[in-house]
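# Chain and residue survey
Here is how the chains run, residue by residue.
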Amino acid sequence: MLLFGFILLSYIICRAILPLRLHWGWKAGLVLAAALAAFKFHILHWFGGEMFFAPELPVPVLLGAAWYYAVFFLFFFLLAGADIGRGIVLAWMFCRGRKRTERFRVVGNRVNLALLAGAMMLAAIGIAAGTAVPEVREERIELERLPQELEGFTIAVLADLHADTLTRAGRIRAIVERANACSPDLTVIAGDFVDGRVVERGAELRPLEELRAKYGVFGVPGNHEYYSGYREWMRFLPTLGIRMLENTGETIAGGRLTLAGVTDPAAVRFGLEAPDIRGAFAGTPAETVKVLLAH
């Protein structure tokens, strides 16, 4: 993350700050402002506790920081895209034997300002969408030789709930209600339930107890469960009625469908069991329809 932030910061300094005709003090201030965005995660981590991606800080601070970083991130890519066009123009000018003028610099700065304004607007839209309750998206999957009994079988897939300071029990409950409204045959949660320890975030996930599906609710761990105290969460989540699949599988729907789930590759960093697809399906009937759940 440090290297990535440094690369983005260096590019923005060279392309958007240094070309400005400003006193060095103003430029230094802009560099500092850009650096605060580039190293946002590290700065918040200093003040917000042990969770790198989910610091314990007031909601307005977290939302403001998220917007600020999003502006910086989007501005970088918009600037890079604009530089492709700038390169084409410079190549054309070189071929025509024309030199860059002061007007070229001024226009470039104005374009950069417009890109920054666009990044600010897109970041605001993104934050609003990211904090809203997600809409239901339907996908139809057709399988050859599907047993007649499984025709129209529905699976509700939830993923990346990331319960934390921003995503509290109310939002989780709203997601649960939307999932239940679909009346699924099976509900699965594909990892990253949380950012934080059970003692801090267990209550935020309590609404998951209300998930309802004909053949039950299953889940697999994501990388953030490992960052948040893996063994503790693997003991807690089943108390919510979620059957956790850690390189294991279960046959449901009258023996016609096998659902298997694997651990996350992050497990290796913590000395825990790596994903094992073969092991997850070991011992399951060969003739069943197989579904693999992974983060």
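Positions within a chain are numbered from 1, following the residues in the order the chain's sequence is written. At least 70 in pLDDT is required for a residue's local features to be given in this predicted model, at least 80 for side-chain atom pairs to be given and counted, and no such filter applies to totals for whole chains, interfaces and linings, which use all residues. Only heavy atoms go into the side-chain values, all of them from the structure, while hydrogens and water stay out.

The name an unreviewed UniProt entry gives the protein chain is Metallophosphoesterase, with Victivallis vadensis as the organism.

### Brief notes about the packing of helix α2 (residues 24-38) against helix α4 (residues 59-95)
Note on geometry: axes are C-alpha line fits, over the in-contact stretch for helices, and angles between N-to-C directions span 0 to 180 degrees. Only runs of H or I of at least four residues qualify as helices and only runs of E of at least two qualify as strands under DSSP, and these elements are numbered from the N terminus. Between α2 and α4, the least distance of the axes is 8 Å, while the angle of their chain directions is 105°. Between α2 and α4, the angle falls in the class roughly perpendicular. Counting all contacts with α2, which are made through Ala 33, Ala 34, Leu 36, Ala 37 and Ala 38, the residues of α4 involved are Tyr 68, Tyr 69 and Phe 72. Three classes are used: nonpolar for Ala, Val, Leu, Ile, Met, Phe, Trp, Tyr, Cys and Pro, charged for Asp, Glu, Lys and Arg, and polar for all others, with Gly counted as polar. Classifying every residue of the contact of α2 with α4 gives 8 nonpolar, no polar and no charged. Throughout this description, any angle smaller than 35 degrees is read as roughly parallel, any larger than 145 degrees as roughly antiparallel, any in the 65 to 115 degree range as roughly perpendicular, and the remainder as oblique. The contact criterion used throughout is that any non-hydrogen atoms of two residues lie within 4.5 Å.

### A few points about helix α1 (residues 2-17)
For α1, the full list of buried residues reads Gly 5, Leu 8, Leu 9, Ile 12, Ile 13, Arg 15, Ala 16 and Ile 17. Considering only its buried residues, α1 is in contact with α2, α4 and α5 (102-131). Buried residues are those whose accessible area, probed at 1.4 Å on protein chains only, stays under 20% of the maximum for their type, while exposed residues exceed 50% and partly exposed ones sit between those limits.

### Section: the sheet that holds strand β5 (residues 248-252)
Being paired, for any two strands, means DSSP has found at least two bridges between them. Sheet architecture is open: 3 strands sit in the order β5-β6-β7, paired in mixed fashion. The two strands at the open ends of the sheet, each matched to only one other strand, are β5 and β7 (289-293). Averaged over all pairs of adjacent strands, the angle between their axes in this sheet comes to 20°, without regard to strand direction. Judged from the 5 bridges that link them, β5 and strand β6 (residues 257-261) form a sheet pairing that is antiparallel. Considered in β6, the bridge of Glu 250 is made with Leu 259.

### A closer look at the UniProt feature "transmembrane region" (unreviewed entry) in the protein chain
UniProt positions are given in the numbering used here, feature names are shortened, and annotations may be inferred rather than shown by experiment. Here the UniProt-annotated "transmembrane region" (unreviewed entry) positions come out as residues 6-22, 29-47, 67-92 and 113-133. Between the C-alpha atoms that bound residues 29-47 the distance is 22 Å, and the span itself is 95% helix and 0% strand. As a span, residues 67-92 carries 100% helix and 0% strand, and end to end its C-alpha atoms are 37 Å apart.

### So, the pattern of salt bridges
Salt bridges are defined by distance alone: a side-chain nitrogen of Lys or Arg within 4 Å of a carboxyl oxygen of Asp or Glu. Tallied over the entire structure, the rule returns 14 salt bridges. Notably, a salt bridge pairs Arg 201 with Glu 56, separated by 2.4 Å at the nearest N-O pair. Here Glu 56 lies in the loop between α3 (40-48) and α4 and Arg 201 lies in helix α7 (residues 198-201), a separation of 145 residues in the sequence. On the accessibility criterion, Arg 201 (4% relative accessible area) is buried. Overall, Glu 56 belongs to the partly exposed group, its relative accessible area being 39%. Residue Arg 178 is joined to Glu 135 by a salt bridge in which the shortest nitrogen-to-oxygen separation is 3.5 Å. On the criterion of sequence distance, the pair formed by Arg 178 in helix α6 (residues 169-181) and Glu 135 in the loop between α5 and β1 (155-158) is long-range, its members being 43 residues apart. Overall, the relative accessible area of 66% leaves Glu 135 in the exposed class. Residues joined in a network through salt bridges with shared partners are Glu 56, Arg 168, Arg 201 and Glu 204.

### Some thoughts on the environment of Lys 290
With respect to the helices and strands, the residue Lys 290 is situated in strand β7. On a C-alpha basis, the gap between Lys 290 and Thr 258 in space is 4.8 Å, while along the polypeptide they are 32 residues apart. There is a polar contact of 3.1 Å between the side chain of Lys 290 and the backbone oxygen of Pro 285. Counting of polar contacts relies on pairs of N or O atoms within 3.5 Å, with two restrictions inside protein: one atom must be capable of donating a hydrogen and the other of accepting it, and residues adjacent in sequence are counted only when both atoms are side-chain atoms. In terms of polar contacts, Lys 290 uses its side chain to reach the backbone carbonyl oxygen of Ala 286, at 3.0 Å.

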